[in-house]
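The primary structure of each chain is shown beneath.
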Amino acid sequence: MGWLRAAVLGANDGIVSTSSLILGVAASHATLSTILIAGVAGLVSGAISMAAGEYISVQSQADTEEAALKLESRELKDDPESELQELTEIYVGRGLELPLAGQVAKQLMEHDALQAHARDELGITETLSARPLQAAFASACSFAIGALLPLLVTTIVPMTYLFALIAGTSLIFLAFLGGIAAHIGGADIKKGILRVTFWSALAMGATSIIGSLFGTVL
Ligand SMILES: [Zn+2]
């Protein structure tokens, strides 16, 4: 479910940042084409920055894991006795009695020594093995899809209702996504919805105020 959560969060970011951007620019009394150019630029730059950020974070995680695994497998080859000792101590630390811990460590190392050490000493599980390009692509796409929503609303509604309709539709979708994210995470759905709508409304309000200040100054 990790990817679904990431996709929901990406779409969330896309909606909040693009609708805030559009409201901010609109509040400065910009023309429709200026608002749309800003929105599209926000979509593209946001999607690229999401992809780059995700790629770097997942790749550096993968590099760290790979280096740790290399070191671990060398240690296993050079000094299997202390490695057995080390794993035994880890299990004792987790509550097993010494003889049982030794037995568990021995059997797990006979089965797959590197996997046992990776999991119980380094905390690396197979599900964590990173796919940076996939992660980057997924978050860029979900951001772009989220960003398209306020952009589409901007193109179809009359300027007079732009504020109410952008804020309204965005908050409805955000509440929906917040509910899904909370549901996936097993958290309280109502709290999830309240939290995301509150912070998003705050973001849209802040950019609108700043935009209207600039609109009167410039
Ligand atoms: Zn080890």
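Above this text you will find the structure in question.
Here is a short report on the structure shown in this document.

Reading guide: rules and limits
Residues numbered from 1 in each chain as written. Predicted model: local features only at pLDDT ≥ 70, side-chain atom pairs only at ≥ 80, totals over all residues. Heavy atoms only, no water. Core = buried A, V, L, I, M, F, W, Y, C linked by side-chain atoms within 4.5 Å. Buried < 20%, exposed > 50% of the residue type's maximum accessible area, 1.4 Å probe, protein only. Helix = DSSP H or I, 4+ residues; strand = E, 2+ residues; numbered from the N terminus. Contact = heavy atoms within 4.5 Å. Salt bridge = Lys/Arg side-chain N within 4 Å of Asp/Glu carboxyl O. Donors = N, O, S within 2.8 Å, 3.2 Å for Na, K, Ca; no water. Polar contact = N/O pair within 3.5 Å; in protein donor to acceptor, adjacent residues only side chain to side chain.

**Section: the nonpolar core**
Here is step 1: The biggest cluster of nonpolar side chains holds 29 residues, and the ones touching the most others in it are Ile35, Leu162 and Ile166.
Here is step 2: Sorting the residues of this core by element identifies helix H1 (2-27), helix H2 (32-78), helix H5 (132-156) and helix H6 (162-185) as the ones contributing at least two each.
Here is step 3: With near-sequence residues (within four places) excluded, Ile35 lies in contact with Ile22, Val25, Ala26, Ala30, Thr154, Met159 and Leu162.
Here is step 4: In this structure, Leu87, Tyr91, Ala105 and Met109 belong to the second largest nonpolar core, which totals 7 residues.

**What about the pattern of salt bridges?**
Here is step 1: Applying the stated criterion across every chain yields a total of 3 salt bridges.
Here is step 2: Among the salt bridges present, the one from Arg94 reaches Asp120, with a minimum N-O distance of 3.2 Å. With Arg94 in the loop between helix H3 (80-93) and helix H4 (98-122) and Asp120 in helix H4, this pair connects stretches of sequence that are 26 residues apart.
Here is step 3: A salt bridge links Glu110 to Lys106; the nearest nitrogen and oxygen atoms lie 3.3 Å apart. Here the residue Glu110 and the residue Lys106 both occupy positions in helix H4, the gap between them amounting to 4 residues, near one helical turn.
Here is step 4: By relative accessible area, Glu110 is classed as exposed at 58%.
Here is step 5: Here the salt bridges do not stand alone but share partners, grouping Arg94, Arg119 and Asp120 into one network.

**So, the coordination of the zinc ion**
Here is step 1: Those protein atoms acting as donors to the zinc ion are Glu72 (OE), Glu83 (OE), Glu86 (OE), His117 (ND1) and Glu121 (OE), and they sit at 1.8 to 2.3 Å.
Here is step 2: We note that the donor set of the zinc ion lies within a single chain, spaced as E-x10-E-x2-E-x30-H-x3-E. On the criterion of sequence distance, the pair formed by Glu86 in helix H3 and His117 in helix H4 is long-range, its members being 31 residues apart.
Here is step 3: The buried category is assigned to His117, whose relative accessible area is 0%.

**Description of the environment of Ala181**
Here is step 1: Along the chain, the position of Ala181 falls in helix H6.
Here is step 2: Sequence separation of Ala181 and Gly192 is 11 residues, and the distance between their C-alpha atoms is 7.5 Å.
Here is step 3: Filtering out sequence-adjacent residues up to four positions away, Ala181 remains in contact with Arg5 and Val8.

**Re the environment of Ser28**
Here is step 1: Structurally, Ser28 can be placed in the loop between H1 and H2.
Here is step 2: Under the relative-accessibility criterion, Ser28 is labelled partly exposed at 25%.
Here is step 3: Between the C-alpha atoms of Ser28 and Lys191, which are 163 residues apart in sequence, the distance is 34 Å.
Here is step 4: With residues near it in sequence (within four places) discarded, Ser28 still touches Gly211, Ser212 and Gly215.
Here is step 5: Polar contacts involving the side chain of Ser28 include one to the main-chain carbonyl oxygen of Val25, which spans 2.7 Å.

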